[in-house]
Amino acid sequence: MSVDKFTLLKTSCVPLPNENVDTDQIIPARFLKATSREGFGENLFRDWRFSSSGEPIKDFVLNQAEYSGKVLVAGKNFGSGSSREHAAWAIHDYGFKVVVSSFFADIFRNNALNNGVLPIQVSADFLSSLFNAIEKDNAQKVIVDLEKQELTYNNESCSFEINPYKKDCLLNGFDDIDYLINKKEKIQDFEK
Amino acid sequence: MTLYIYYKLRNSKIEFTKYTTLKATTLFDKVWDAHVVEHVEGGPDIVYIDKHLIHEVTSPQAFSGLEARGLKVFRPERTIATPDHNVPTVNQHLPISDEQSRTQVETLKANCEKNKIEMYGLNHPNNGIVHVVGPEQGHTQPGMTMVCGDSHTSTHGAFGAVAFGIGTSEVEMVFATQCIMQSKPMKMRITVDGELSKGVSAKDLTLYVIAQLGTGGATGYFVEYAGSAVRSLTMEGRMTVCNMSIEMGARGGMIAPDETTFEYMKGRTHAPKGEAWEEKLAYWKTLKSDDGAEFDKEYSFKAEDIEPMITYGTNPGMGMGITQSIPAEADIPVSELPSIKQSLAYMDYQLGSQILGKKVDYVFLGSCTNGRIEDIRAFASLVKGHKKVDAITAWIVPGSKKVEKQAIEEGLVEVLEASGFELRQPGCSACLAMNEDKVPAGKYSVSTSNRNFEGRQGPGSRTLLASPLTAAAAAITGVVTDPRDFL
Ligand code: SF4
């Protein structure tokens, strides 16, 4: 699957300050029975978002009309637990392009990047001021500039790290398989 | 200064390459570096994968992605499939009643046939949980690189393999090229010296370590477990320890192979035989961290400090000795208080309270953490001569057909039945509750699996992670009980 090219993004945010959000919360196992990649957004954060009878839970941020946008701002250690890529698919399918947190689990970070979702790791301080800003103004806009590796809101700016190869992939909409296929000969040599 | 000799079979003649290195290297480096096809400038390594394990849940989209690109599986002989996550644990001879689960299992079968991948389907004598099957069939070997679309692939590290979980895009990548692109993780060594006390098992050791490091404590690292307490574990115990590495965020965990490893492997179906065995053995014996090898981080613990462990919260790092109390408000850093409170509200437990004596409704023995024969033996040894409490629902689920068969042959099934337990059929079962084995909302489950996340064992379920002995003690008393009371 090649991914969409990642372009300059200016958008409001959805705050989720919970820490240690694991992939079982992002998409519970009972929704992993599909054989295609589509439609997982519907069940993103299913058990926090809907009651057992399917009623939207008003307190949960995805059910609050005042919050919307393409950036999910999440608490520390986001995406721990199961390797299910369905978690990244659900986030992507729901419409998020970026997840901001002060710490990401490894496998989730890879899965997100492989689906054109950019995980941005910021300092704990930056994260808490961003949460405060969103609390003050629900429509708080952020600018994500992948080219410059910069996340900006109001006049606060922070640079973030990304591996140059991965950055290239995102900006151009390439994925690892495109890259690896071109290395077939080298791989065959290695096998000898 | 150490001199290393690496050799490689090339056109069936052995070529020796000598390297003189100034630096002592770690076990992890030795295995990883030997599999790097290319280092991408400013990017990850292209790592060759020796063995790829697949199951029904994380592979269908990888197969269809591959097809959409017009590609075939590049090295089908390096791939092994087994359906496990989604299968019922009773009446496996009947068609799976849940339509979506059935479709997934059938899709795996069709994909494997099309791509000439060996599959241990439902009812096949080798079927079972992917991480139980690999070692048991001798697919898992020291020095290998192994991946699977499942985070507990770290289990195979018990043999001195570099094994880790991957996402579905990466499964597709391995199908297409037998390689993966990953940046090399940092290295951590966790040493546990001393002797584990009576009633304290590998599961307690790993829950203890995770409680010390926290759920994100090893993120970015590959862990090597060392020390006399680790060395004295059986292969089953080592697998339990490596299995849980991911629960502290580690990319994987591994243990240097030794006589225990070779003993376990000898004669397994896919293990090398005869001369090939001798050759491999010579290589496997070189797989250990050199004296003076440097790790990015080191921890050491004493085995004597570990008692039977239990978790009280909603991540595996929230564990404690079974006789201890849940931390009191004053003992918790302010920044962590909100998430701990939220977690305890979910569990309906109070800060500072004792866990011993708390009511239990369900007991689950199984999973790739504790679904091996040794675990069933431990459980049976404790319940022998006692009765299951009527109000408890217990699921005893073997990790594989082979474990099931062995439990029957060893007479463990009779012991279990005499105490009111029945042995189910193999699969992941209540570990992730994709099949019918779900713990109802609000109910408490003492579980030998690896995750106590909200809803992991069914929406609203409350999970207490523990060892097979602690699970057994709960099953015959109906409450959280110190298993040492029965030893
Ligand atoms: S038993 Fe649980 S952890 Fe192990 S492979 Fe199955 S679902 Fe994953």
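Along each chain, numbering runs from 1 in the same order as the chain's sequence is written. For this description, chains carry letters from A and ligands carry numbers from 1, given in the order in which they are written. Under the rules for a predicted model, residues below a pLDDT of 70 receive no local features and side-chain atom pairs below 80 are neither given nor counted, while totals for whole chains, interfaces and linings still include all residues. With hydrogens and water excluded, all non-hydrogen atoms of the structure serve as input to the side-chain values.

Q: It is not clear to me how the overall build of chain B should be interpreted in this structure. Could you clarify?
A: Only DSSP runs of H or I reaching four residues or more are called helices, and only runs of E reaching two or more are called strands; each is numbered from the N terminus. Broken down by element type, chain B carries 16 helices and 20 strands. Radius of gyration: C-alpha atoms only; globule rule: 2.2 Å multiplied by the number of residues to the exponent 0.38. For 487 residues, the compact-globule estimate of 2.2 N^0.38 gives 23 Å, and chain B sits close to it at 22 Å. Here the C-alpha coordinates of chain B stretch approximately 65 × 55 × 45 Å along the principal axes. Two residues form a contact once any of their heavy atoms are found within 4.5 Å. Across chain B, every contact between residues at least 6 apart in sequence was considered, and the portion connecting residues at least 24 apart equals 75%. Of the roughly 17,400 Å² of accessible surface on chain B, 51% is carried by carbon and sulfur atoms. Of the side-chain charges in chain B, 49 are positive and 59 negative, and the distance between the mean point of each set is 3 Å. Surface accessibility follows the Shrake-Rupley procedure with a 1.4 Å probe radius. Residue values consider only the protein chains on display as shielding. In this tally, Asp and Glu contribute negative charge and Lys and Arg positive charge; neither His nor the terminal groups of the chain are included. The atoms used to mark charge sites are NZ of Lys, CZ of Arg, CG of Asp and CD of Glu.

Q: Hey, could you run me through the confidence of the model for chain B in this one?
A: Fine structural detail should not be taken from predicted coordinates in areas where pLDDT scores are low. Residues and elements named next belong to chain B. Here pLDDT means the predictor's own confidence in every residue, given as a number from 0 to 100. When pLDDT is averaged along chain B, the result is 95; 95% of the residues meet or exceed 70. Between residues 1–20, whose pLDDT stays under 50, and residues either more than four places distant or in other chains, the model counts 40 contacts. Here the predicted complex scores 0.93 on pTM and 0.91 on ipTM.

Q: How do you make sense of unusual backbone geometry when you look at a structure like this?
A: Negative phi characterises most residues that are not glycine, and trans characterises most peptide bonds. Residues and elements named next belong to chain B. The phi torsion at S367 lies on the positive side, around 85 degrees, for a residue other than glycine. As for its placement among the helices and strands, S367 is situated in helix α12 (residues 367–370). A positive phi angle, close to 55 degrees, is found at A433, a residue other than glycine. Within the fold, A433 resides in the loop between α15 (412–418) and β19 (444–447).

Q: Just to check I follow, could you spell out empty space enclosed by the protein for this structure?
A: The gaps of empty space that remain are located by a probe, the size of a water molecule, rolled over the atoms. Put simply, the grid is 1 Å and covers the protein atoms alone, a cavity is a trapped set of points that fit a 1.4 Å probe, a pocket is an open set with protein on both sides within 12 Å along at least five of seven lines, and lining residues have an atom within 4 Å of a point. Grid points are joined across faces, edges and corners, and a volume is the space filled by probe spheres set on the points. Applying the stated rule across the entire model yields seven cavities of 30 Å³ or more. Here the largest cavity is characterised by a volume of approximately 200 Å³. As for the largest cavity, its lining consists of 22 residues, of which A:S82, B:H85, B:D150, B:L432 and B:R456 are closest to the centre. Side-chain classes follow a simple rule in which Ala, Val, Leu, Ile, Met, Phe, Trp, Tyr, Cys and Pro form the nonpolar group, Asp, Glu, Lys and Arg form the charged group, and the remainder, Gly included, forms the polar group. Residue composition of the lining of the largest cavity, grouped by class: seven nonpolar, eleven polar and four charged. In this structure, the second largest cavity spans a volume of roughly 110 Å³. As for the second largest cavity, its lining consists of 16 residues, and the residues nearest its centre are A:S80, A:G81, A:A105, B:I246 and B:G249. Among the residues forming the lining of the second largest cavity, the class breakdown is seven nonpolar, six polar and three charged.

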